[in-house]
Structures are given as structure tokens and as C-alpha cells.
Amino acid sequence: MAVNETEEVETTVVACDGGSGPNGHPLVYLNMEGKNEISCPYCSKHFVLKEGASGAGAH
């Protein structure tokens, strides 16, 4: 995974482990908290809520 990679997601809570290799890190859950995007503080991967997605988590 390249630093600053962007992934479109359908929920406002996402999980990131940085993938394998040098960007790998402990699994963290990120909550967009009313926003439409968030970046991982470990690897800078950027998550963007897909247009039209409900944003509700799977819980």
C-alpha cells in the first residue's frame, strides 16, 4: 500500500492495519464522526465515504 492511498468506503467506521510491508501497524478503528472522510494516523491511508452511502456502521 502506498502512503496516502485513498479508499472509498460505505460506513463511517473503518478498520486499518496498514497492510503488509513497511506500512503495517496495529489494527485501529477510525470513526469519521459526522465527516465524509478520515486519514489513518499511522499510515496516512485516506478513507472517503462513497457518494450515496448511508454511513451507518455494521453494528
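Chemist: I tried to follow the environment of L30 on my own but got confused; where do I start?
Modeler: Structurally, L30 is set in strand β3 (residues 28-31). Looking at L30, the relative accessible area reads 9%, which means it is buried. Sequence spacing of L30 and F47 is 17 residues, and the spatial spacing of their C-alpha atoms is 9.3 Å. Setting aside anything within four residues of it in sequence, one finds L30 in contact with T12, V13, V14, C16, I38, S39, C40, P41 and F47.

Chemist: What is the right way to look at the pairing of strand β2 (residues 13-16) in this model?
Modeler: The side chains of a regular strand alternate between both faces of the sheet. Residues V14 and C16 of β2 are buried on one face, while the alternating residues V13 and A15, pointing to the opposite face, are not. Bridging between β2 and β3 involves four bridges; their strand directions are antiparallel. Considered in β3, the bridge of V13 is made with N31.

Chemist: Can you help me understand the pattern of salt bridges in this one?
Modeler: As a working rule, side chains carrying opposite charge can pair if their charged atoms are close by. For the structure on display, the rule yields two salt bridges. In this structure, the salt-bridge partner of E7 is K45, at a minimum N-O distance of 2.6 Å. Here E7, found in strand β1 (residues 6-9), pairs with K45, found in the loop between β4 (37-39) and β5 (46-49); they are 38 residues apart in sequence, far enough to count as distant. For E10, the salt bridge identified is with K50, shortest N-O distance 3.3 Å. Of this pair, E10 sits in the loop between β1 and β2 while K50 sits in the segment after β5, and the two are 40 residues apart along the sequence.

Definitions and limits used
- Residues numbered from 1 in each chain as written.
- Predicted model: local features only at pLDDT ≥ 70, side-chain atom pairs only at ≥ 80, totals over all residues.
- Heavy atoms only, no water.
- Helix = DSSP H or I, 4+ residues; strand = E, 2+ residues; numbered from the N terminus.
- Buried < 20%, exposed > 50% of the residue type's maximum accessible area, 1.4 Å probe, protein only.
- Contact = heavy atoms within 4.5 Å.
- Pairing = 2+ DSSP bridges.
- Salt bridge = Lys/Arg side-chain N within 4 Å of Asp/Glu carboxyl O.

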